[in-house]
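# A look at the structure
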Amino acid sequence: MKKVIVIGAGILGASTAYQLAKAGAEVIIADRMDAGQATDAAAGIVAPWLSKRRNKSWYKLAKGGARIYQDLVEGLAADGETETGYSRVGALNLHTNMDKLSALKQHAINRREDAPEIGELTLLDQNETKNMFPLLSDGYSALHVSGAARVDGRALRNALLRGAEKHGARVIHGDASLLYENSDINGININNETIFADTVIAATGAWTPQLLQPLGIQFDIRPQRAQIVHLQMPDTSPENWPVVKPPFNQYMLTFSDRIVVGATQENHVGFDRRVTAGGLQWILNHAIEMAPELAKATVLETRVGFRPMTPESVPVIGAVPGLNGLLHANGLGSSGLTMGPYVGKQLANLALGNELDIDLENYDMSRLIR
């Protein structure tokens, strides 16, 4: 039986550990529960198909993530884990210009040829749009994408960790450091315990530079602060409302008791976990512009997380150059909840010596090492 240590229990680490444990590996999950973990703060939209990003390597991971979700959720349910925070509620892609929505629909039709999970594509007029999301202001039409989903990052991560434990994984909370001899990574030290393993997988997100620094490696991954506001409308039950994606860089999604709006994309602030007046202003101004009734909403909380970003916003996956026994993936950014389960499956297959669905040359991390 192969023994694998996974450092980091966000969506990427939890997905990797779950796939390894299901495959029969002996799995140790080490996590120090850092405040500001991206997964802990995130409420995600699984609907990457209409993105205008042209990078094919990025899109392959995003499309693969959207495709894997249904099988993942069904697998978790078979393990008794039904509280995943995932639901295919569809998405409303808003615009005031119907011609632009028609062009967007054609783009989606083209993408659907190799991504049938997109589902049905329907142009909605203003009344139809507002019927699906009653809080929206007048003037918006929409392209409705039936296959889109929303997911609660905390709920999914917790389900994956519980599922991994049911398959024999062990979770340890503490600050793990790498155990190494020359260029060989042999395991970790954590809580005054030394644990050896055949392979170590680092799923440490924005905190990766701290993990690798003792080895003399400077790793160019950067934290991007995201502030996300949770609201509650009186006498409103929005659980099955679709995700809303307006023509500007904002989103809105709902759960049984709340409406989530966000998120900021703040660079060069380090690990500053403050909720800022400017961040709240930006989020709430855009939210109330889309849905004026939200001015009456109760502010339940604001979550702050740090997305791991590469300089060119393309993820890295594979073995850490110059080291034996250490695998790593990073840089999923704002697409972490979409890509995480898919990238985790690739990492698990890499650790087990199985065939991958991706070409690792497209995600080479040597460009991040100084």
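To keep things clear, this report deals only with the structure shown in the data block. (Residues numbered from 1 in each chain as written. Predicted model: local features only at pLDDT ≥ 70, side-chain atom pairs only at ≥ 80, totals over all residues. Heavy atoms only, no water.)

A few words now on the overall build of the chain. Assigned secondary structure in the chain consists of nine helices and 20 strands. For the chain, the C-alpha radius of gyration of 21 Å lies close to 21 Å, the compact-globule estimate for 370 residues. A total of 370 residues make up the chain; the buried ones form 56% of that total. Counting only contacts in the chain whose residues sit at least 6 apart along the sequence, the fraction spanning at least 24 positions is 74%. Within the structure as shown, the chain displays about 15,600 Å² of accessible surface, and the carbon and sulfur contribution to it stands at 45%. (Helix = DSSP H or I, 4+ residues; strand = E, 2+ residues; numbered from the N terminus. Rg over C-alpha atoms; globule rule 2.2 N^0.38 Å. Buried < 20%, exposed > 50% of the residue type's maximum accessible area, 1.4 Å probe, protein only. Contact = heavy atoms within 4.5 Å. Areas by Shrake-Rupley, 256 points an atom, 1.4 Å probe, with all protein chains shown as cover.)

Within the open sheet, the three strands sit side by side as E3-E8-E4. Their pairing is antiparallel. Strand pairing shows two members of the sheet lacking a second neighbour, strand E3 (43-46) and strand E4 (86-87), which therefore form its edges. Where E4 and strand E8 (residues 149-152) come together, two bridges link them in antiparallel fashion. Counted as the bridge partner of tyrosine 86 is valine 151 from E8. (Pairing = 2+ DSSP bridges.)

Let's shift gears to unusual backbone geometry. Trans is the prevailing form of peptide bonds, just as negative phi is the prevailing case for residues other than glycine. Here the residue pair glycine 262 and alanine 263 is connected by a cis peptide bond, since its omega of -5° sits within 30 degrees of zero. Structurally, alanine 263 can be placed in the loop between strand E17 (258-262) and helix H8 (277-290). Unlike most non-glycine residues, methionine 33 shows phi in positive territory, near 55°. For methionine 33, the location among the structural elements is in the loop between strand E2 (26-31) and helix H2 (38-41). Judged by relative accessible area, which is 54%, methionine 33 ranks as exposed.

Attention now moves to the packing of helix H3 (residues 56-78) against helix H9 (residues 336-352). For the pair H3 and H9, the least separation of the axes is 7 Å and the interaxial angle reads 85°. As far as their axial angle goes, H9 and H3 are roughly perpendicular. From H3, Trp58, Lys60, Leu61, Ala62, Gly64, Gly65, Ala66, Ile68, Tyr69 and Leu72 reach across to H9, where they touch Leu337, Thr338, Met339, Pro341, Tyr342, Val343 and Lys345. In terms of residue class, the contact of H3 with H9 is made up of 12 nonpolar, three polar and two charged. (Axes fitted to C-alpha atoms, helices over the stretch in contact; angles between N-to-C directions. Parallel < 35°, antiparallel > 145°, perpendicular 65-115°, else oblique. Nonpolar A, V, L, I, M, F, W, Y, C, P; charged D, E, K, R; others polar.)

The geometry of helix H1 (residues 11-22) relative to H3 is characterised by a closest axis approach of 13 Å and an angle of 60° between their N-to-C directions. If you check the angle between H1 and H3, you find them oblique. Between H1 and H3 lies a crossing of left-handed hand. On the side of H1, the interface is formed by Tyr18, Gln19 and Lys22, while H3 contributes Leu72, Gly75 and Leu76. (Left-handed = near helix turned anticlockwise from the far one by under 90°.)

Before going further, it helps to spend a moment on helix H6 (residues 153-166). For the α-helix, the turn length of 3.6 residues means that residues three or four positions removed from each other point alike. Helix length check: H6 (14 residues) gives 20 Å between terminal C-alpha atoms against 20 Å at 1.5 Å per residue, within 8%. Within H6, the full set of buried residues consists of Gly153, Leu156, Arg157, Ala159, Leu160, Leu161, Gly163 and Ala164. Each element contacted by the buried residues of H6 is listed here: H1, E2, H2, H3, E8 and H9. Where H6 starts, the residue carrying a side-chain oxygen 3.0 Å from the main-chain nitrogen of arginine 154 turns out to be aspartate 152. (Expected span 1.5 Å × (residues − 1). Polar contact = N/O pair within 3.5 Å; in protein donor to acceptor, adjacent residues only side chain to side chain.)

Right, let's get into the pairing of E3. Here E3 shows a buried face lined by Ala43 and Ile45 and a second buried face lined by Gly44 and Val46. One ladder, built from four bridges, connects E3 with E8; its direction is antiparallel. Within E8, the residue paired with alanine 43 across the bridge is aspartate 152.

Okay, the environment of leucine 284 next. Along the chain, leucine 284 falls in helix H8. Expressed as a C-alpha distance, the spacing of leucine 284 and isoleucine 259, which sit 25 residues apart in the sequence, is 12 Å. Excluding its chain neighbours within four sequence positions, the residues that come into contact with leucine 284 are Val229 and Leu231.

What follows concerns the sheet that holds E2. Whenever strands of a sheet pair, they do so through backbone hydrogen bonds, lying parallel or antiparallel. One open sheet holds the six strands; their spatial order is E9-E2-E1-E13-E20-E19, and the pairing between them is mixed. Both outer strands of the open sheet, strand E9 (170-173) and strand E19 (316-319), are each paired with one neighbouring strand and no more. Sheet twist, expressed as the mean angle between neighbouring strand axes with direction ignored, is 15°. As paired strands, E2 and E9 are joined by four bridges and run parallel to one another. Counterpart to alanine 30 in the pairing with E9 is isoleucine 172. In this fold H9 packs onto strand E13 (199-202), E19 and strand E20 (326-330), with an angle of close to 170° to the strand it touches most, E20.

Worth remembering: the numbers are spatial, not functional.
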